[in-house]
Each structure stands twice: as structure tokens, then as C-alpha cells.
Amino acid sequence: MLKRNIRIIGVVFLLAISAMFMLPAFMPAASASEAAAPTAAPAAADSAAAKTAAVPDANAVTYPPAPKLTAADYPTVSGVNPRVAVWLVAQLHLWLGAFVVAVPMFVFIIESIGMATRDERYDNMAYEFIKVSITAYSLTAIMGGLLSFSLILFYPDVFKYLALIFKESMFAYALLFFAESAVLYIYYYGWHWLQGGNRKWIHLTFGLLLNAFGITLMLLANSWTTFMMSPAAVDAAGVFNGNTWEAIHNFLWNPINIHRVVANVAYGGSIVGAYAGFKFLSAKNKEERAHYDWVGYNANFIAIAALLPLPFAGYYLTAELYAYSQQMGITLMGGVFAWIFIIQAVLIGALFLSANYYLWCGMGRSDGANRYNPRIKYIAIVLVAAFLVWFTPHTLVLTNSELKSLGGPYHKYLGVFGIMPAKNTAVNFLLTFTFMSFMFYRRANKIATVSWATTGNAIQIALFTMGLINIVTLGVYYGYFTNTVYKVAASIPQVLTTLTIIITSTIIDTLMYKGAKDVAPLHWGRMPARSQYALFLLAVSFTWLMGLMGYVRSGIRQHWHVSGIFRDASPDAYTPTLGYAANIITIGTIIFMAMVIFVFWLSTISGKHVVAKGYWKEQA
Amino acid sequence: MTKKRLIPRLLQLALIIIGVYFSFILLFDVALHQIIPKSLLTMYMLFVVAGTVMVFTFTEEGAQELVGPIKALVEDPSKKMLRNIVFVIVPLLAGYYTYTSMMPSFEAPMELRTIHPAPPSKFKAFGKSYNLTTLENPFRKFEKEDPAKFKELVKEGGNVYIKNCQYCHGDKLDGNGPYASGLNPTPLNFQDVGTIAQLQESFLFWRIATGGPGLPAEAAPWISAMPVWQDYLTEDEIWKVILYLYDYTGRRPRSWANE
């Protein structure tokens, strides 16, 4: 029996691997287009056109130019606003998709930790996370189907134009989706079946495959989106003259890929954190509270760990966007969308503050935390001060009397906080001090027993001090007294300084607290209810933030379906007011959170078993 | 058992928040003579309040000490008189705030001015088309190749500026020229680190040559009073005046090249 099962698993495994290897068959060989990455779309188009002309291909497909549409070319459905419909469905699909792509990533890691430590609690937690994501997976697929129908229905010419260019990758996407579903169901339903010894390894391999399929699907979908922003291998008329890989590997593809992968993990962590909070608050007994407190702690840890590199991924994406098109960059951050970035700053503030607050509350689980409590206020002061810099806009919102009094829209003293060097410095402070909160939390219940503990602490204090001085020096000197190229470049050593602080400090701490003495047993479950609301705030802020930034990413194309080559001629080809956009995103956030609560609720009823006495006929 | 404090926690919280609020006003409005805008102060205070409440409530004892007096005010029968007073004052304060914030005034509403227009990829001036992604200042190369000539070009740019631009942008390039107070939006302050230092020279050329009417259709309406300088200056004069703007302010134009 076991042999037969292993054989079946082996066949499925090989099929899945084969499906992965089939993917390149749909994608012609990679070109050197990246090296000649365009500084503007037309440049990329010219180079691709030249190459096509030089190597004539008898089987080459001729692509039509981008259609020149009129308002009559956009079908309408009475009572439905096409833009709002597609906007909401696409956003809901993305939120759910981000969640279901992210969860298997950390489920895989948690399962591995469980295998390495042989601690079953990790395995149970990983199973619980994947259980939550399985319902979300169905919802993602439903939303994906709705999105496809909506696009075909409301924007048939746009869909046709993109489908012609991406036909191979769209077909591969559909096949991969089947493969992902199969692997996910085996992974989930086979969890308790594939336990122990080699079986556990087979199960883990399915987890790896699930991640490979999920990420590949996301990368393919990203390429369609980024092609609309930074089209590659097209001429000025929109005639595509490259191959599939060139279309996929457009200028903004990798920056978006990196940003989305990191953000998805943080987002997934925050949603399962909210799940743990939900279960914690509805727990019936002490054990349940302790379990979900532990789950919430781990989810928050995942969210924070991924949140730390996220600002750098965002900065890289924006720098690449500026490099691709100054016009797009300025529209994004200096122009009509700039105010959304102020809301973004406030929401990121909410993210960091709620994550820190959860950690501080978590110190209450330990009786040794009192030593660190007086220091929390200093961390809070630095965090709040860094936020004030982080969201100070360059162009201020002023009343007329304020405008007259200041003599212009820029503040003489606060204006210096309005540009990127100040923001970069502030965000590096935020990250360093959030890490400090985490260190305090880790140390709260322990007393180091190594002989060099005092020296170790002194090294860490020196490391933090020197690092923070370096961050400020880089930000102030290179940010305000040198050429822009150095201003942008200085952000890299700033990031490296922060990472050096975090990594070196973690190594020192790990060594220093090896075999450390516990002050008292940790009291899992000794958490106030308000700390769980911090977890909810984290999830809601993330969702809202993704909606806002997703709108901005899409909106900077302005009146173009495909930037610069395919004009949007629909009645909605205008940038809506900020208030209108914010309302739509807020409605989307509410719908999504309702779906999430539905998923959480489903997870609670799945374990309930009602004995309906007298309902069923007694069997002899 | 909570220790007896000289100042109750709730009062401490209120004093900190009020203290920070007035510190901002004292620092900017009084000491530095640059008012802190209401919109910004509101945002600042939002996070100050959030941060302070977080510090006061992250321990169970702290939270109880903070909430205790409020609970007692609502529940304790001996505090009936105080409760009634608070229950009258709070709605009155809320009503006063609502009244003052909703009361119509003669002041024009606040504008979310998009002061930073996005440039087009191409534009027309002097009867020809310019590509903004590749356009460079033809005189910039003399900065290294022939410093004496470069100095002369900057000087000529300075003359153009004094004859044409300083009336609005000021003789110190700080946006405070003799006509500035009559304009809204006020002329750009080139000394500000967030203006020309953030821009490529090609951007300045586009803005100067096409002026207010050349601003993009997106984010309209623009109310810039900037003249269309291609009607009054030559192409070379515009490039020279750009050299002068950077030279006088000590800023470098935005560039992707290392120097």
C-alpha cells in the first residue's frame, strides 16, 4: 500500500516538475534586451525593430498596431461603471492573490522549522495557516475569473491587443493554475497523511512546488501589468515586434516582482496575524488563548521581518520608474498623485506603530520585562519623530492666509523634510528602532550568562550609535550638499548600515543569549485584548495601503491603456479626484475585509460538530 | 498595587499632548517666524497623540491607571456632580468645534496645488521639436572644457535674469521679487533644496520656454503667471539663464551621470 502511494506521489511529482519545465517551451529564448533597457519606450521599440529587421523569420507573426478607439468601442452595461467594476474586481483579486501566494511561503518555512526542531506546534500552526488560505484560494480564482470576464466585456480591444502579445504566457498561466491547484490540494488534504520520515519530506517538496507555481503565476501576471506601464519591443504605432520573453521582461517587471514578493509576505503575515487575533478574542479557554497568542506572535514576526526590507524595495521600484520615464516619476511623486503618498506615509506610520505596540504589549508575557519598560518611551519618541519627518510634504496644504504668511507653498524650515534624503533617513531610523523593540522583547525574559555579556552590550551600543550617526551623515551631507546622483546613491549605504546593525546585532545577541537563564516561564496568552486590535490595524492598514498604491501604480498611465502607444478613449479616460479614488479604494477594503472575516468564520465552523439527537434513523 | 503619583497618569497624558502642541506653535510661529500650517500640525498631533497613548497603555498597569479615572467618573456614584459637569462641557466643546469649523468664511478654500508638473516626453518651441529625455544644456560642457568661457556664459545668463526674471523670482532667487506678493501661486524659490536641485536642466528649459500656457493638460487648471519666454528670449539666452540659476544657488542640476 505504502509503495503504491509513493509511486502515485512520484508520478504526480514528476508531472508537476514536467509542467514547470514545459513553461520555457511557451517562451522563446531570452534576449539581451535587458542590457539595452530603454530609458523610454520608443528607444526599446527602436532596438527591437532593428533586430527583427536584421533577422527575418519566415514564421514571424505580424502584430497589428494598437487600435485607435472611440468611446463607441467600449461596450456598456446599464447601471454599471466599467472602470469602477474592473478596478474593484482587479483589486480584490490582487488582495486575495497576494494572500494566497504569500501564505505557502511562510507555511513552507514554518513546516521546515517544525521538521528541524521536531516541535509539533510549528507543524500545527503551518497547517492552520494553509487551512485559512484554502478558502481564500477559491475566492481568488472566482475574482480572477470575474476580472477576465469584466475585461473582455468592458475593454474587449484592450484585452485582444494584450492577449495577442501575451498569448503564450496566458496559456502557460492557465496550465500553471491547474498545476498549482493540484499541488495545493495534495499539500493541504495530504497534510496528516504525509507525516513522519520520508513522507514528511515528500510533503515538504509539495510545499516547495506550490511556492514555485504560485510565484511563477504572479510573475507572469506582473508582466502583463508592467507591459501596460513600460511596453517593450513595440514601435510608436504599438506594433509588437519582439518575442514573448521581451514582452515579459519589460523595464519595470523585475522592480515590481521584487516589491510584490516582499510585500506579499508582509501582507500574508498581517492577515494571518488578524486571524490569530480573531481566534484569540473568541477563545473559550486559557489553552486556546495561549495557542493563538503564540500564533499571533509568529504572524506578527513574519509581517515585521518582511516589512523591514519593504521600504527599500519600494524605493528601488520608484527609482526605476523615474529612470524609465521622468514624466511618470514626477506624476507619481510630485504631481497629481503626490497626495496619495502622504496618505501612504500615514498608513505606513500606522503599520510600524501597531507592529511596535504589539511587541511592547507582548513584553507583558514575561515577568522580566519590567527592566526594559522605562526605555520604551524613548523608542516611541524616536518613532514618532521619524514619522513626522516621513510624512511632511514638500508642497504644503495651506490656507490663503498661511500662504501669504509663508510667502509660498514651501516652508523655510520644514521644507527640507519634504524631499527623499530626509525620508530615507527617517525610514532607516524607523527600521532600526523597530528592530530595537524586537531586541528588547527577545531579551525581556532572559539573563545572559556568558562572561562577555557586558562587552557584548557595549559593542551593540557602539554599533547602534555609529550606525545611526552614519545614517544621519549620509542623509544630510549627500542629500543636501551634493549632486542628485549622489543623493539617490547615498540611500544604498544608508540601507546597508541599517542591515549591518540588524544582522551584526542579531549575531551578537544570539551568541550572548545562548544558554541564557529565563527570568520566569513565559505566560503565553497573557496579552491584553487591545494588543489584538493592533494586529487588526496592521491587516487593515496593509490592505488599504495596497489599494491606494495599486491605484497609483495603475493611474500613472493616465489616459493610456498602454503607456504612450495605446490611448484610452473610453468616457472614463481621466484621472478621478483623489477623494473619489480614495472612496472606491475604501469600499474595496471594506468588501475585502468582509471576505476575510467570512474566511475566518468558515475556519471556526469547520471544526464544529453538532450531534442532532433524534434526527437520524437508528440503524440496527 | 499601583504607586501613588504626584500627577495622575491621565493628567500627565493631557499635559504632554498640550505641551507638544504649544511647543510646535512656539517654535515655528514665535521663535522661527515661519508659521506651522494647520493641516500639518493636525497630522503631527495625530501621531503624537497615538504615540503617547501607546506608551501610556502598553502595560496592563499603565492602561488601568489611565482608564481608571475615566471609569470612576462614569461609574462612581460619589462623582455625580463632576460627571454632570463633564457631560455638559464635552458636548458643548464638540459643538463649538463643529460650529467654528463649519461656519462659512470669506476665505477661499484650500487648494491641493500640484506645483510640480510632469513634463511631456516631447514638446515644441522655437518652431522645432525637443525630446526632453535626451535634451541637454549645450553650454554645460564648458564648465570643464573652458571654465573662463563658462564664467562668461553664467554672467550673460545673470544679465538675462536681472532684466527679465528677478521682478518675480527676486534678486536673491528666493521667489520674493517686487511683484511676488501680487501673485498666487507665488513664484518659485530657486534657493529651496526641493526645486531646481531636483530637476534636470531640460525640465527648466521646457518650463521657461513654454511658460504657464505650456503646462500639461493633466492636473489642470493651472494658474501659473509664468510668461511664454520663447516669445521674448532666444534659445541660447534660456540655456544661459539656466546656468546662472544653478551657479548662483550653488545647486547641481539633476543628472544620472557621476561627476
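This is a predicted model, so every value here is computed, not measured. (Residues numbered from 1 in each chain as written. Chains lettered and ligands numbered in written order. Predicted model: local features only at pLDDT ≥ 70, side-chain atom pairs only at ≥ 80, totals over all residues. Heavy atoms only, no water.)

**Regarding the overall build of chain B**
Counting its secondary structure elements, chain B contains nine helices and two strands. Reading chain B from its N terminus to its C terminus gives the helix and strand order α-α-α-α-β-β-α-α-α-α-α. The globule rule puts the C-alpha radius of gyration for 259 residues at 18 Å, and the 28 Å found for chain B is more than 25% above it. Dimensions of chain B, computed from C-alpha atoms along their principal axes, come out at roughly 85 × 45 × 35 Å. For chain B, with 259 residues in total, the buried portion stands at 40%. At a minimum sequence separation of 6, the contacts of chain B that also span at least 24 residues come to 57%. Summed over its atoms, the accessible surface of chain B is roughly 15,200 Å², and 63% of this surface lies on carbon and sulfur atoms. Distance between charge centroids for chain B: 6 Å, based on 26 positive and 25 negative side chains. (Helix = DSSP H or I, 4+ residues; strand = E, 2+ residues; numbered from the N terminus. Rg over C-alpha atoms; globule rule 2.2 N^0.38 Å. Buried < 20%, exposed > 50% of the residue type's maximum accessible area, 1.4 Å probe, protein only. Contact = heavy atoms within 4.5 Å. Areas by Shrake-Rupley, 256 points an atom, 1.4 Å probe, with all protein chains shown as cover. Lys, Arg positive; Asp, Glu negative; His and termini not counted. Charge placed at Lys NZ, Arg CZ, Asp CG, Glu CD.)

**Side note on the confidence of the model for chain A**
Fine structural detail should not be taken from predicted coordinates in areas where pLDDT scores are low. Residues and elements named next belong to chain A. In the predicted model, chain A carries a mean pLDDT of 87, and 90% of its residues have values of at least 70. Across chain A, the secondary-structure element scoring lowest on mean pLDDT is helix α2 (residues 41–54), at 39, and the one scoring highest is helix α5 (residues 156–165), at 96. A low-confidence stretch, residues 19–56 stays under pLDDT 50, and its non-local contacts, those more than four residues away or across chains, total 48 contacts. (pLDDT = per-residue confidence, 0-100.)

**Some remarks on the packing of aromatic side chains**
Going through the model one piece at a time under the given rule, you end up with 52 aromatic pairs over all chains. Their ring planes at 45° and their centres at 5.4 Å tell us that Y161 of chain B and Y244 of chain B sit as a pair that is tilted. Taken together, the residues Y161 of chain B in helix α6 (residues 147–164) and Y244 of chain B in helix α9 (residues 235–249) connect sequence positions 83 residues apart. In this structure Y161 of chain B comes out as buried when scored by relative accessible area, which is 1%. One aromatic cluster is present, built from ring pairs that chain together Y127, Y137, F177, Y185, Y187, Y188, Y189 and W191 of chain A. The ring of W294 of chain A has R121 of chain A sitting right over it, with the charged end atom 4.5 Å from the ring centre. Between the NZ or CZ atom of R254 of chain B and the centre of the ring of Y322 of chain A, over which it lies, the distance is 5.3 Å. (Phe/Tyr/Trp six-rings, centres within 6.5 Å; stacked < 30°, edge-to-face > 60°. Lys NZ or Arg CZ within 6 Å of the ring centre and 35° of its normal.)

**Focus on the nonpolar core**
Ranked by size, the top nonpolar core spans 205 residues in total, and within it I130 and Y161 of chain A carry the most contacts. Ranked by residue count, the leading element in this core is helix α3 (residues 82–117) of chain A, at 19 residues. Ignoring sequence-local partners within four residues, the contact set of Y161 of chain A consists of P64, P65, A66, P67, F227, V234, G238, V562, I565 and F566 of chain A. L153, V160, F190 and I196 of chain B belong to the second largest nonpolar core, which has 38 residues in total. (Core = buried A, V, L, I, M, F, W, Y, C linked by side-chain atoms within 4.5 Å.)

**Here we look at the interface of chain A and chain B**
Chain A puts 61 residues into the contact, and the matching count from chain B is 61 residues. At the boundary of chain A with chain B, total buried surface from both sides reaches about 5,500 Å², with 65% on carbon and sulfur atoms. The interface formed by chain A and chain B includes one salt bridge. Here chain A and chain B share 11 residue pairs in polar contact (both at pLDDT 80 or more) between them. With nine residues, helix α13 (residues 338–362) of chain A is the single largest residue contributor to the side of chain A that touches chain B. Tallied by class, residues from the side of chain A that touches chain B come to 35 nonpolar, 21 polar and five charged. (Buried area = accessible area lost by both parts, 1.4 Å probe. Salt bridge = Lys/Arg side-chain N within 4 Å of Asp/Glu carboxyl O. Polar contact = N/O pair within 3.5 Å; in protein donor to acceptor, adjacent residues only side chain to side chain. Nonpolar A, V, L, I, M, F, W, Y, C, P; charged D, E, K, R; others polar.)

**As for the packing of α3 of chain A against helix α9 (residues 253–281) of chain A**
The axes of two packed helices give the description: the angle between them and the distance between them. Residue and element names in this part refer to chain A. For the pair α3 and α9, interaxial distance at closest approach is 7 Å and the crossing angle is 85°. With respect to each other, α3 and α9 are oriented roughly perpendicular. Contact residues: α3 offers L94, W95, A98, F99, V101, A102, V103, M105 and F106, while α9 offers R260, V261, N264, V265, Y267, G268, G269, I271 and V272. Residue composition of the contact of α3 with α9, by class: 14 nonpolar, three polar and one charged. (Axes fitted to C-alpha atoms, helices over the stretch in contact; angles between N-to-C directions. Parallel < 35°, antiparallel > 145°, perpendicular 65-115°, else oblique.)

**Observations concerning the side chain of E201 of chain B**
Residue and element names in this part refer to chain B. Relative to the helices and strands, E201 is located in helix α8 (residues 201–210). Given a relative accessible area of 9%, E201 falls into the buried group. Among the polar contacts listed, one links the side chain of E201 to the side chain of R140, at a separation of 2.7 Å. In this structure, E201 is in contact with N137, R140, W239, I242, L243, Y246 and P253, ignoring residues within four places of it in sequence.

**Regarding the state of the cysteines**
Residue and element names in this part refer to chain B. Scanning the model with the defined rule gives zero disulfides over all chains in all. For the unlinked cysteine C168, the closest cysteine sulfur is that of C165, found at 8.8 Å. Owing to a relative accessible area of 25%, C168 belongs among the partly exposed residues under this scheme. (Disulfide = S-S within 2.5 Å.)

**What about helix α12 (residues 326–333) of chain A?**
Taking burial as the measure, the eight residues of α12 of chain A include six buried ones, the bulk of the element. Buried within α12 of chain A are the following residues: Q326, M328, G329, I330, T331 and L332 of chain A. In this fold, the buried residues of α12 of chain A make contact with α7 (197–229), α11 (310–324), α13 and α20 (529–555) of chain A together with α8 of chain B. The residue sitting at the N-terminus of α12 of chain A and contributing the capping side-chain oxygen is S325 of chain A; that oxygen lies 3.0 Å from the backbone nitrogen of M328 of chain A.

**As for the pairing of strand β1 (residues 122–125) of chain B**
All names here are of chain B. Only one face of β1 is buried, namely the one carrying F123 and A125, since none of K122 and K124 on the opposite face is buried. With four bridges connecting them, β1 and strand β2 (residues 128–131) associate as antiparallel partners. Paired with A125 across the two strands is K128, which belongs to β2. Linking two consecutive strands that pair antiparallel, namely β1 and β2, is a turn of two residues; a positive phi of about 50° is found at F126 within it. (Pairing = 2+ DSSP bridges.)

**Regarding the domain arrangement of chain B**
The assigned domain composition of chain B is domain 1 (9–102) and domain 2 (122–249). The C-alpha-based centres of domain 1 of chain B and domain 2 of chain B are spaced at 48 Å. (Domains from an automatic or database assignment.)

**A short note on the environment of L252 of chain A**
Residue and element names in this part refer to chain A. Secondary-structure assignment places L252 in the loop between α8 (244–248) and α9. On a C-alpha basis, the gap between L252 and E320 in space is 7.1 Å, while along the polypeptide they are 68 residues apart. Not counting residues up to four positions away in its chain, the partners in contact with L252 are T226, M229, S230, E320 and L321.

**With respect to the packing of α3 of chain A against helix α21 (residues 578–605) of chain A**
Residue and element names in this part refer to chain A. Packing of α3 against α21 leaves a shortest axis separation of 10 Å and a crossing angle of 45°. One element, α3, and the other, α21, form an angle in the oblique class. Crossing of α3 over α21 shows right-handed handedness. Seen from α3, the contacting residues are V84, W87, L88, L92, W95 and L96; seen from α21, they are Y580, A581, I584, I585, G588, T589, I591, F592 and M595. (Left-handed = near helix turned anticlockwise from the far one by under 90°.)

**Thoughts on the environment of I256 of chain A**
Residue and element names in this part refer to chain A. Along the chain, the position of I256 falls in helix α9. In this structure the C-alpha to C-alpha distance between I256 and T226, which are 30 residues apart in sequence, comes to 7.7 Å. Once you skip the residues sitting within four places of it in the chain, I256 turns out to touch N222, T226, L317 and R553.

**Focus on unusual backbone geometry**
All names here are of chain A. The backbone of R118 shows a phi angle near 55°, a positive value even though the residue is not glycine. Here R118 shows up in the loop between α3 and α4 (120–154). Classification of R118 by relative accessible area gives exposed; the value is 74%.

**Digging into the environment of K487 of chain A**
Among the structural elements, K487 of chain A can be located in helix α18 (residues 484–489). With a relative accessible area of 8%, K487 of chain A lands in the buried category. A sequence separation of 67 residues divides K487 of chain A from M420 of chain A, and the C-alpha atoms of the two residues are 8.5 Å apart. Leave out the neighbours within four places in its chain, and K487 of chain A touches P421, Y478, G479 and T482 of chain A together with A197 and Q198 of chain B.

**Regarding the pattern of salt bridges**
Side chains carrying opposite charge are able to pair once their charged atoms draw close together. Residue and element names in this part refer to chain A. Using the criterion set out here, one finds 16 salt bridges over all chains in the structure. Among the ionic pairs, E111 bridges to K200, the shortest N-O distance being 2.8 Å. Taken together, the residues E111 in helix α3 and K200 in helix α7 connect sequence positions 89 residues apart. Both residues of the pair, E111 and K200, count as buried.

**Section: the side chain of S570 of chain A**
Residue and element names in this part refer to chain A. Mapped onto the elements, S570 comes out in the loop between β4 (566–567) and α21. The buried category is assigned to S570, whose relative accessible area is 7%. A polar contact of 2.8 Å, which involves the side chain of S570, links it to the side chain of D568.

**Some remarks on a nonpolar patch on the surface**
Together, W452, I492, L496, L499, I503, I507 and L511 of chain A give the surface a local cluster of nonpolar side chains, amounting to about 660 Å² of exposed area. With respect to the helices and strands, I507 of chain A occurs in helix α19 (residues 491–512). (Patch = residues over 30% accessible without salt bridge, like charges linked within 9 Å, V, L, I, M, F, W, Y side chains within 5 Å.)

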